[in-house]
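The lines below spell out each chain.
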Amino acid sequence: MAANPYIPHTEADIKAMLGTCGATSVDELYADVPPSLRMKSAYKLPAPMNEPELDRYFAAIARENKPLICFAGNGFYHHYTPAAITAVMSRSEFLTAYTPYQPEISQGTLQYIFEYQSMMCALTGLDVSNASMYDGATATAEAMLMAVSAAKKRRRVLISATVAQAVAEVCSTYASGAGIILEVIPEEDGCTCRTSFEEMLGAGDVAGVIVASPNRFGIIEDYSGFAERCHSAKALFIMNCHASPLGVLRTPAEWGADIACGEAQSLGMPLNYGGPGLGYLCCTKALMRKLPGRVVGATTDSQGRRAFVLTLQAREQHIRRQKATSNICSNQGIMTLHAAMYLGLMGAKGLRRVNELSAEAAHSLAEVLTATGKAKLSYPDKPYLNEFSLDIAEPLSADRWLAALEANGILGGVKIDDSTVLVAATEMCSPQDIDRYVATVKDLQP
Amino acid sequence: MSKIYYLPSHEYVKVDGDIALVGISEYAASQLGAVTYVDVPEEGDELAAGDEFGAIESRKAASDLFSPVSGEVIEVNEELADNPRLINNAPLDAWIIKVKMSDPAELDGLMDESAYAEFCKKQH
Amino acid sequence: MNKELYSPLIFELSQSGRTGCRLPDYKYSSGAVSLPAELLRGEAPTLPEVSEPSLVRHYTNSSTNNFGVDTGFYPLGSCTMKYNPKVNEAMVGRSGISDLHPAQSADSVQGALRIYRTLELYLAEIGGMAEFTLNPFAGAHGEYTGLMIIRQYHLSRGDEARRKVLVPDSAHGTNPASAAMAGFDIVEVKSLPDGTVDLDDLRSKLDCSVAALMMTNPNTTGMFEHSIPEIAEAVHAAGALLYYDGANLNPILGVARPGDMGFDVMHINLHKTFSTPHGGGGPGAGPVGVRAGLEAFLPAPHVTCLPDGSFAVDEPADSFGRVSAWLGNFAVYVKALAYILTMGADGLAAAGRMATLNANYIMHSLKDLYLLPIAGPCKHEFVFDGLRDKSTGVTTLNIAKALLDRGFHAPTIYFPLLFHEALMIEPTETETKETLDSFIKAMREIAETSLSDPEAIKSAPHHTPVTHPDEDGAALDPVLTYRMLCNSTTL
């Protein structure tokens, strides 16, 4: 013992502690484990590594990966991570803390969650936010469950075909478990088909309607009248939105949404091959008690000082068990600190500028790519911000397009089907990066 | 003069003709602690005896509410939305729902005041 | 430190015109992009305007109001708050790990996929399972995923009548909550006085309507379920599956494997047993393992190894669907893999054994003053039912708060629900005997003060950054944002 840096027991410690326990060996403490269940041999694992060996191991693995100039999105965007965030996030008072059930010694965590909730409400325009969900997809599934819970007896939920595929699939999983009938509103020219929406809603029994902005093709749809129609049918209007564009786009509250949900990775979180990101979930005050997960509230302490506490806990699994609004316990925790710091550093003006730069980069790229004649916008008449769908002209294909770019160090987008690529840009894409993308495409032989 | 009956889950029903007021007992209110929220049904909902009709929350507990009688919810106590502590102050006055009973004979299966008092004594 | 100056809300440090960022001033060929006005927000969001140093001081000062594993001892039952090795963190931030987009081609992320596949196989070895998915983001998410696998398994056999999930009354709250989300009805199974499952009660509830029994082993009272072979046999004879909640895996590392005990599906909380930091509530990870024969029902997408040794992402044949947009919390997997690689088989086994020794040591050192309803030996944790001498009315909550004053985190309190004054203690293997002795001393002093000066304990804490926050008031009139705070008449 004591050769392991994380296990401090010396032989003398073990002997003294066993004495207190009235045992002669540690094995005695396992006397109740039936012999038939005991492992006959050690785990088959490699010999333990020391720190330099571990570093070499992961350095070698990292070399098997190929970081690319990122023109892909589909829910995950490569925005800059300010160095101040990385520095503060590593503070172990934050990183190694448990869930703030003891408010007296958790004010650091509780305060940043309160700030995060405030900022997400500012972005969405809605009244309340929880302390995070796992990702944008599960946040949307939970929004669907909220709608059904609020509607009590109605079981149908409508989801637009223009919601990102992975989000729709996760909603479908959660619907199947919960006995919810999830129906897809068809798409028309890249947008939610308004006639179908009206008809399906008119058929009755609808608890909620889920749409996306920007949608899965990057299009910013016009949802005028949607909320009013939903509300007249007593259904909730749910909007799935990436967090960063909320800094400039019409807010879910302005569209009349009852719930806003989605992925907040676009607030400067590292790509990390897809996780951790951050699911956010906001709603109107009327739905506050249907909101799943943890929520932080402000109050005062016995000396009149401002204090923050976890509140509305009676809805949660550790109290309500199977009657809880959700099973969620651990969530994305410290990623809310990341979001709060990002929005704090950026401010409204910085966030606007990030979106302007991203939009300009995307529109510039779209213009020059379509000018090559090798691709055209899938929906040329539809407004978009920093992501657009591109039809690749035959005989080229999405695979060839992306492969050629990858060979030049560029992630050219996300393949939608054999002839369609979803392309995104951010402030991380310099004009030179765009030139390189275009030059690669120009060199593509039909 | 209304008569009062109780369920083992501590809801009371105060009866006047075929109208029943349903709330939670003094014993339940004291066990729950400061009430922070009451989830109520919609007027017009039809309940069967034993149906869950809502929930009551304190800071660290939540309990489902069950209807002692069958019938239609004809009114919910709106005051509780703004001031749920009325239930702590005077649980027998702070009724939660008003039900038009469809089968008053159901009351025969409930505990009366003295039976309920005995019942509470046995709850440590 | 200057908390008065820097610790108010970040919004209260804001001054119009300040900024904490400097963005590129690229000139793109498109020039400014204009969108229809009706698609743009009416006014700018209310966000702070602060300089970078102000923001850094704000959060640095506020971090000192927090307690973490790096600050001190967390005797938190069922939470396994072990030390989070720093080298694990250092493995994440490098290029080639942190800068990969999840939509990249498999060719360009072979290293990332190697991390997935390696961890899947190691966890399968440790769990005694055939296959793992790393997609679930947390323990409860893993439970949900596991239950959906079980549901899909029964449906695939045309067995649609299995609507019930059995859960012991000592179970974590997430178990029944996850089963409810997966569409099951929950039936509770009673515990015996020694905290283990009542086999007779279980047998009486097992029939063809039961999909699964969810269990932890050791359970939440810290007892090893020694009847597990009989339990597994009864569950399987009824055609149901046995689910393992891995929250309490730590003490049986190197001793026994859930798969060998007869469990069919399991999850592991990497932020417990495998040392990844809790982050004040996440991000965690809840990988799910299945025994041979259930691999096809795992969620999509899934990482596999091809015959040529390269790695690919595919969809299991009879997958129930998707529970995540991508492949879970990748950065957490890097840390957990680093931990397994540095510990090795012997290190993991030692961790389990020393966690058990630490728990038993505390239990025996305090059982004369605290009521021990279930005599040991315990495994990683044990439960006291408050003080032995309850005459002065000092409660478990009071004891927990008094510990905060003495520089310790509180134990888990009022759980499991089997006892009125439950105080659940789990020390983990990373604590020294000196730390445990100091904790024992504090617990003994609290017990003694409870008799000599009970008010001193009942009024605790006295020395924490805030004391006795009004939690009733917070729940009655929720103030959940800065905007609500500004509009509040009482705060």
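Residues numbered from 1 in each chain as written. Chains lettered and ligands numbered in written order. Predicted model: local features only at pLDDT ≥ 70, side-chain atom pairs only at ≥ 80, totals over all residues. Heavy atoms only, no water.

Trainee: Quick question: what am I supposed to make of the overall build of chain B here?
Mentor: Counting its regular elements, chain B contains 4 helices and 9 strands. The helix and strand sequence of chain B, counted from the amino end, reads β-β-β-α-β-β-β-β-β-α-α-β-α. Taking 124 residues into account, the globule formula puts the C-alpha radius of gyration at 14 Å, and chain B, at 13 Å, falls close to it. By principal-axis analysis of the C-alpha atoms, chain B measures approximately 35 × 35 × 25 Å. Burial analysis of chain B (124 residues in total) assigns 47% to the buried set. (Helix = DSSP H or I, 4+ residues; strand = E, 2+ residues; numbered from the N terminus. Rg over C-alpha atoms; globule rule 2.2 N^0.38 Å. Buried < 20%, exposed > 50% of the residue type's maximum accessible area, 1.4 Å probe, protein only.)

Trainee: Can you help me understand the pattern of salt bridges in this one?
Mentor: Side chains carrying opposite charge are able to pair once their charged atoms draw close together. Summed over all chains, the structure comprises 40 salt bridges over all chains. Note that Lys335 of chain C is salt-bridged to Glu89 of chain C, the shortest N-O span being 3.0 Å. Placement of Lys335 of chain C in helix α10 (residues 330–366) and of Glu89 of chain C in helix α3 (residues 86–90) is noted, with a sequence separation of 246 residues between them. Classification of Lys335 of chain C by relative accessible area gives buried; the value is 12%. A residue is classified by how much of its surface remains accessible, and Glu89 of chain C, at 22% relative accessible area, is partly exposed. Asp159 of chain C is the salt-bridge partner of Arg162 of chain C, the closest N and O atoms lying 2.6 Å from each other. Each member of the pair, Arg162 of chain C together with Asp159 of chain C, is buried. Counted as one network, the salt bridges with shared partners bring together Lys323 of chain A together with Glu52 and Asp64 of chain B. (Salt bridge = Lys/Arg side-chain N within 4 Å of Asp/Glu carboxyl O.)

Trainee: How should I be thinking about the sheet that holds strand β3 (residues 19–24) of chain B in this particular structure?
Mentor: Neighbouring strands of a sheet are bound in pairs by backbone hydrogen bonds; such pairs are parallel or else antiparallel. All names here are of chain B. Here we have 6 strands laid out as an open sheet, ordered β1-β2-β3-β9-β8-β5, and antiparallel in their pairing. The open sheet has two free edges, formed respectively by β1 (3–6) and β5 (46–47), since each of these has just one partner strand. Summarising the sheet, β3 and strand β9 (residues 97–101) pair through 4 bridges and their orientation is antiparallel. Across the sheet, Ala20 pairs through a bridge with Val99, a residue of β9. (Pairing = 2+ DSSP bridges.)

Trainee: Quick question: what am I supposed to make of the environment of Lys376 of chain A here?
Mentor: With respect to the secondary-structure elements, Lys376 of chain A resides in strand β13 (residues 375–377). As for Lys376 of chain A and Ala393 of chain A, which are separated by 17 residues in sequence, their C-alpha atoms are 7.4 Å apart.

Trainee: Even after reading the chapter, I still don't get the sheet that holds strand β14 (residues 387–392) of chain A, so can you show me in this structure?
Mentor: Residues and elements named next belong to chain A. One open sheet holds the 4 strands; their spatial order is β13-β14-β17-β16, and the pairing between them is antiparallel. The sheet terminates laterally at β13 and β16 (414–417), the two strands that pair on one side only. Sheet twist, expressed as the mean angle between neighbouring strand axes with direction ignored, is 35 degrees. Pairing analysis gives 5 bridges linking β14 to strand β17 (residues 420–424), with the strands arranged antiparallel. Residue pairing for β17: Ser389 is matched across the bridge by Leu422. (Axes fitted to C-alpha atoms, helices over the stretch in contact; angles between N-to-C directions.)

Trainee: What am I meant to see in the interface of chain B and chain A here?
Mentor: Quite often, the size of an interface is put as the accessible area lost when its parts meet. Contact residues are listed per partner, giving 17 residues for chain B and 11 residues for chain A. Between chain B and chain A lies a buried interface of about 1000 Å² when both sides are counted; carbon and sulfur atoms form 39% of it. If you sort the residues of chain B by the area they bury against chain A, Glu57, Lys60 and Ala62 of chain B come out on top, with a joint share of 34%. In this structure, Lys323 of chain A engages Glu52 of chain B in a salt bridge whose closest nitrogen and oxygen atoms are separated by 2.5 Å. Of all the secondary-structure elements, those providing two or more residues to the side of chain B that touches chain A are β4 (35–39), β6 (52–58) and β7 (61–66) of chain B. (Contact = heavy atoms within 4.5 Å. Buried area = accessible area lost by both parts, 1.4 Å probe.)

Trainee: Where do I start with helix α2 (residues 51–63) of chain A in this structure?
Mentor: All names here are of chain A. Its 13 residues give α2 an end-to-end C-alpha distance of 18 Å, which sits within 8% of 18 Å, the value for a rise of 1.5 Å per residue. Turning to α2, its buried residues number three or more, namely Leu54, Phe58, Ala59, Ile61 and Ala62. Taken end-on, α2 shows its buried residues confined to a sector of 160 degrees, consistent with a single buried face. Turned more than 90 degrees away from the buried face of α2, the exposed residues are Arg56 and Arg63. (Expected span 1.5 Å × (residues − 1). Arc of directions from axis to C-beta.)

Trainee: I'm lost on empty space enclosed by the protein in this one. Help?
Mentor: Vacant regions in the atomic arrangement are exposed by a probe of water-molecule size rolled over the atoms. Residue and element names in this part refer to chain A. As enumerated under the stated definition, the model contains 8 cavities of 30 Å³ or more in all. Taken as a whole, the largest cavity encloses approximately 80 Å³ of empty space. Along its surface, the largest cavity is lined by Tyr77, His79, Pro214, Gly218, His242, Ser244, Pro245, Ser266, Asn355, Leu385, Asn386 and Glu387. Three or more residues apiece are contributed to the lining of the largest cavity by two domains, here domain 2 (69–78 + 348–443) and domain 3 (83–341). (1 Å grid on protein atoms, 1.4 Å probe; cavity = no way out; pocket = protein on both sides within 12 Å on 5 of 7 lines; lining within 4 Å. Points joined across faces, edges and corners; volume = space filled by probe spheres on them. Domains from an automatic or database assignment.)

Trainee: Hey, could you run me through the packing of aromatic side chains in this one?
Mentor: Any aromatic ring pair is given by two values, namely how distant the centres are and how the planes are angled relative to each other. Residue and element names in this part refer to chain A. Per the stated rule, a full pass over the model turns up 34 aromatic pairs over all chains. Centroid distance Tyr57 to Phe58: 5.1 Å. Interplanar angle 85 degrees. Geometry classified as edge-to-face. Ring centres 5.2 Å apart and planes at 80 degrees place the aromatic pair Tyr223 and Phe226 in the edge-to-face group. Of the two residues, Tyr223 and Phe226, neither departs from the other in class, the shared state being buried. Taken together, Phe197, Tyr223, Phe226, Phe237 and Trp255 form an aromatic cluster joined through their ring pairs. Looking at Arg250, its charged tip hangs above the ring of Trp255, at a distance of 4.1 Å from the centre. (Phe/Tyr/Trp six-rings, centres within 6.5 Å; stacked < 30°, edge-to-face > 60°. Lys NZ or Arg CZ within 6 Å of the ring centre and 35° of its normal.)

Trainee: Sorry if this is basic, but what is going on with the domain arrangement of chain C here?
Mentor: Residues and elements named next belong to chain C. Structurally, chain C comprises domain 1 (89–341) and domain 2 (346–471). One C-alpha centre belongs to domain 1, the other to domain 2, and the line joining them spans 30 Å. For the pair domain 1 and domain 2, the summed buried area comes to about 1700 Å², and 67% of that belongs to carbon and sulfur atoms. By the criterion of area lost to domain 2, the three top residues of domain 1 are Thr221, Asn250 and Pro251, representing 28% of everything that side buries. Run the count over domain 1 and domain 2 and you get 3 residue pairs in polar contact (both at pLDDT 80 or more). Looking at the side of domain 1 that touches domain 2 residue by residue, the class counts come to 10 nonpolar, 12 polar and 2 charged. (Polar contact = N/O pair within 3.5 Å; in protein donor to acceptor, adjacent residues only side chain to side chain. Nonpolar A, V, L, I, M, F, W, Y, C, P; charged D, E, K, R; others polar.)

Trainee: Help me understand the pairing of β9 of chain B in this model?
Mentor: Where a strand is regular, its side chains alternate between the two sheet faces. Residue and element names in this part refer to chain B. Burial along β9 is one-sided: Ile97, Val99 and Met101 are buried, and none of Lys98 and Lys100, which face the opposite way, are. Strand direction decides the pairing type here: strand β8 (residues 71–76) and β9, joined by 5 bridges, are antiparallel. What sits directly across from Gly71, in β9, is Met101.

Trainee: I keep staring at the environment of Met261 of chain C and nothing clicks. Help me out?
Mentor: Tracing the backbone shows Met261 of chain C in helix α9 (residues 258–261). Here Met261 of chain C falls in the buried class, since its relative accessible area comes to 3%. Residues in contact with Met261 of chain C, not counting those within four places in the same chain, are Leu37 of chain A together with Asn217, Phe224, Ile228, Ala232, Ile252 and Ala256 of chain C.

Trainee: In this structure, what is going on with the nonpolar core? I would like to understand it.
Mentor: General note: in soluble globular proteins, nonpolar side chains tend to be found buried as a group. One finds Met144, Val209, Phe237, Ile259, Leu267 and Tyr280 of chain A together with Tyr59 of chain C to be the most contacted residues of the largest nonpolar core, which totals 160 residues. Among the elements that take part in this core, helix α12 (residues 335–371) of chain A stands out by supplying 12 residues, more than any other. Apart from residues no more than four positions distant in its own chain, Tyr59 of chain C is found in contact with Val88, Phe94, Tyr112, Glu115, Leu337, Ala340 and Met341 of chain A together with Ile10 of chain C. Counting residues in each nonpolar core, the second largest holds 119 residues, with Ile61 of chain A together with Val197, Ala359 and Ile457 of chain C among its members. (Core = buried A, V, L, I, M, F, W, Y, C linked by side-chain atoms within 4.5 Å.)

Trainee: Would you mind showing me how to read the side chain of Gln332 of chain A here?
Mentor: Secondary-structure assignment places Gln332 of chain A in the loop between α11 (317–320) and α12. Among the polar contacts listed, one links the side chain of Gln332 of chain A to the backbone oxygen of Gly277 of chain A, at a separation of 3.1 Å. Setting aside its immediate chain neighbours within four residues, Gln332 of chain A contacts Ser132, Met133, Tyr134, Pro276, Gly277 and Leu278 of chain A together with Phe137, Gly281, Gly282, Pro283 and Asn329 of chain C.

Trainee: Before we go on, may I ask you to explain the interface of chain A and chain C in this structure?
Mentor: Between chain A and chain C, the contact holds 182 residues from the first and 206 residues from the second. Interface of chain A and chain C: buried area, both sides summed, is about 16200 Å²; carbon and sulfur atoms make up 64% of it. There are 9 salt bridges connecting chain A and chain C. Among the salt bridges present, the one from Asp27 of chain A reaches Arg353 of chain C, with a minimum N-O distance of 2.8 Å. At the boundary of chain A and chain C, one finds 87 residue pairs in polar contact (both at pLDDT 80 or more). Its residues placed into classes, the side of chain A that touches chain C shows 99 nonpolar, 49 polar and 34 charged.

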